Amino acid sequence: IPILQLPLFDYGESISNVVELFPTVWQATEWLTAPDPATRQRGMDALLELGAQKVSPLVAYVIATLLSDPEINIRRRVIYILADLISGDSSRKQTPEEVRQVVVNYLHKINETIVLSLLEVTISDQQVEKYLYHIFNACPYVGKYLGEIVTQWKNPLPIRQKAIYFIGIVGYLEALPGLERLMSRLEARQNGQYMMSFAPPSIRSDDELIP
C-alpha cells in the first residue's frame with residue numbers, strides 16, 4: 001500500500017548547498033527539544049538564520065509544537081514565525097505549499113490550553129495580536145475555545161478581554177450565544193447593584209467585559 005509522505009525539504013525552493021547543511025539543520029532542530037530554554041532559543045536562532053523553516057516541513061512542524069512551550073518568549077517567537085509561513089502576504093515570496101500545509105494541519109489540532117497560553121503572550125506583547133490573528137484564523141475550533149475561556153470566571157480579566165477581542169476580529173459566530181448570555185448576566189448584575197446601592201459591590205472588574 002503506497003504511503004503518502006511529505007518530503008523533509010522542498011528542493012524546488014531549496015537554499016544553497018542544502019545537502020551540506022543537513023547536519024547543521026538536524027542539530028538545530030534537536031536543540032528545539034532540549035529541556036534548557038536557552039538551548040531551544042539557540043536552535044531557533046540557527047534555523048531562522050538558515051531559513052530552514054521555509055523549506056523544510058519537518059522543521060516547520062517542530063517549531064509549531066513550541067506553541068505550547070513553557071517559556072512565553074519562545075511562544076512569542078513561534079507566533080511570529082508561523083504567521084509568516086501561513087499569512088500569504090503577496091509582497092513576499094510565498095511559502096511552499098508542503099510547508100504551509102504541515103503548519104495548518106498542526107494548528108487544526110491545538111487545544112484550549114494552548115489557546116490560553118497564546119492569549120497570555122498578547123498580554124506581554126500587544127504587537128503580536130496581528131500575527132496571532134493569522135494563526136487563530138487557520139484554526140476551525142478556536143472560536144469554541146475562546147468562548148469557553150471568556151465564560152470561565154477563573155480566568156484573569158485581561159485574558160478574557162483578549163478572548164473577546166479575537167472572537168470579534170476573526171468573526172467566530174459560534175461564540176456569539178455565549179457572549180450574549182454573559183452580557184445578559186453582567187448587565188443584570190450591574191442593574192441590581194444600581195437598585196441596591198447600599199449592598200457591597202461584587203466583582204466589579206468583570207463589568208469591564210461589557211464594552
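What you see is a predicted model; the values in this text were computed from it and never measured.

Colleague: How do you make sense of the overall build of the protein chain when you look at a structure like this?
Modeller: Per the secondary structure count, the protein chain includes ten helices and zero strands. When the helices and strands of the protein chain are placed in sequence order, the string is α-α-α-α-α-α-α-α-α-α. In the protein chain, buried positions account for 42% of the 211 residues. The long-range fraction of contacts in the protein chain, counting pairs at least 24 apart against all pairs at least 6 apart in sequence, stands at 64%. Element-wise, carbon and sulfur atoms account for 56% of the exposed surface of the protein chain, whose accessible area totals about 11,800 Å².

Colleague: Any chance you could explain the environment of Leu 48 here in plain terms?
Modeller: Locating Leu 48 in the fold gives a position in helix H2 (residues 37-50). Every residue in contact with Leu 48, bar those within four places of it in the chain, is listed here: Gln 53, Arg 77 and Ile 81.

Colleague: Whenever I open this one, the packing of aromatic side chains confuses me. Can you help?
Modeller: Aromatic ring pairs: the centre-centre distance and the angle between the two ring planes describe each pair. Under the counting rule described, the total for this entry stands at four aromatic pairs. For the ring pair Phe 136 and Phe 166, a centre distance of 5.2 Å and an interplane angle of 80° mean the geometry is edge-to-face. Here Phe 136 is found in helix H7 (residues 129-137), whereas its partner Phe 166 is found in helix H9 (residues 157-170), with 30 residues between them in sequence. By relative accessible area, Phe 136 is classed as buried at 0%. Arranged with centres 5.2 Å apart and planes meeting at 75°, the rings of Tyr 165 and Phe 166 form a pair that is edge-to-face.

Colleague: Hey, could you run me through the pattern of salt bridges in this one?
Modeller: Where charged atoms from two side chains of opposite charge approach closely, those side chains can pair. Inspection of the entire model under this criterion finds seven salt bridges. A salt bridge links Asp 45 to Arg 77; its shortest N-O distance comes to 2.7 Å. Taken together, the residues Asp 45 in helix H2 and Arg 77 in helix H4 (residues 72-86) connect sequence positions 32 residues apart. A salt bridge links Asp 206 to Arg 160; its shortest N-O distance comes to 3.2 Å. Taken together, the residues span a long stretch of sequence, with Asp 206 in the segment after helix H10 (176-195) and Arg 160 in helix H9 at a distance of 46 residues. Take Asp 206: its relative accessible area is 6%, and that puts it in the buried class.

Colleague: Whenever I open this one, the nonpolar core confuses me. Can you help?
Modeller: Nonpolar side chains in soluble globular proteins generally cluster together in the buried interior. Ranked by internal contacts, the top residues of the largest apolar core, which has 55 residues, are Leu 67, Leu 82, Leu 107, Ile 110, Phe 136 and Leu 146. If you tally residues by element for this core, the top one is H4, at seven residues. The contact partners of Leu 67, leaving out residues within four places of it in the chain, are Arg 75, Val 78, Ile 79, Leu 82, Tyr 106, Leu 107, Ile 110, Ile 114, Ser 117 and Leu 118.

Colleague: How should the confidence of the model for the protein chain be read in this particular structure?
Modeller: In low-pLDDT regions, the fine details of the predicted coordinates are not to be read closely. Taken residue by residue, the protein chain gives an average pLDDT of 85. The fraction at 70 or more is 82%. Element-level mean pLDDT values for the protein chain span from 80 in H10 up to 97 in H4. pLDDT under 50 marks residues 1-6. Its contacts with residues more than four places away, or in other chains, come to two contacts.

The rules behind these values
Residues numbered from 1 in each chain as written. Predicted model: local features only at pLDDT ≥ 70, side-chain atom pairs only at ≥ 80, totals over all residues. Heavy atoms only, no water. Helix = DSSP H or I, 4+ residues; strand = E, 2+ residues; numbered from the N terminus. Buried < 20%, exposed > 50% of the residue type's maximum accessible area, 1.4 Å probe, protein only. Contact = heavy atoms within 4.5 Å. Areas by Shrake-Rupley, 256 points an atom, 1.4 Å probe, with all protein chains shown as cover. Phe/Tyr/Trp six-rings, centres within 6.5 Å; stacked < 30°, edge-to-face > 60°. Salt bridge = Lys/Arg side-chain N within 4 Å of Asp/Glu carboxyl O. Core = buried A, V, L, I, M, F, W, Y, C linked by side-chain atoms within 4.5 Å. pLDDT = per-residue confidence, 0-100.

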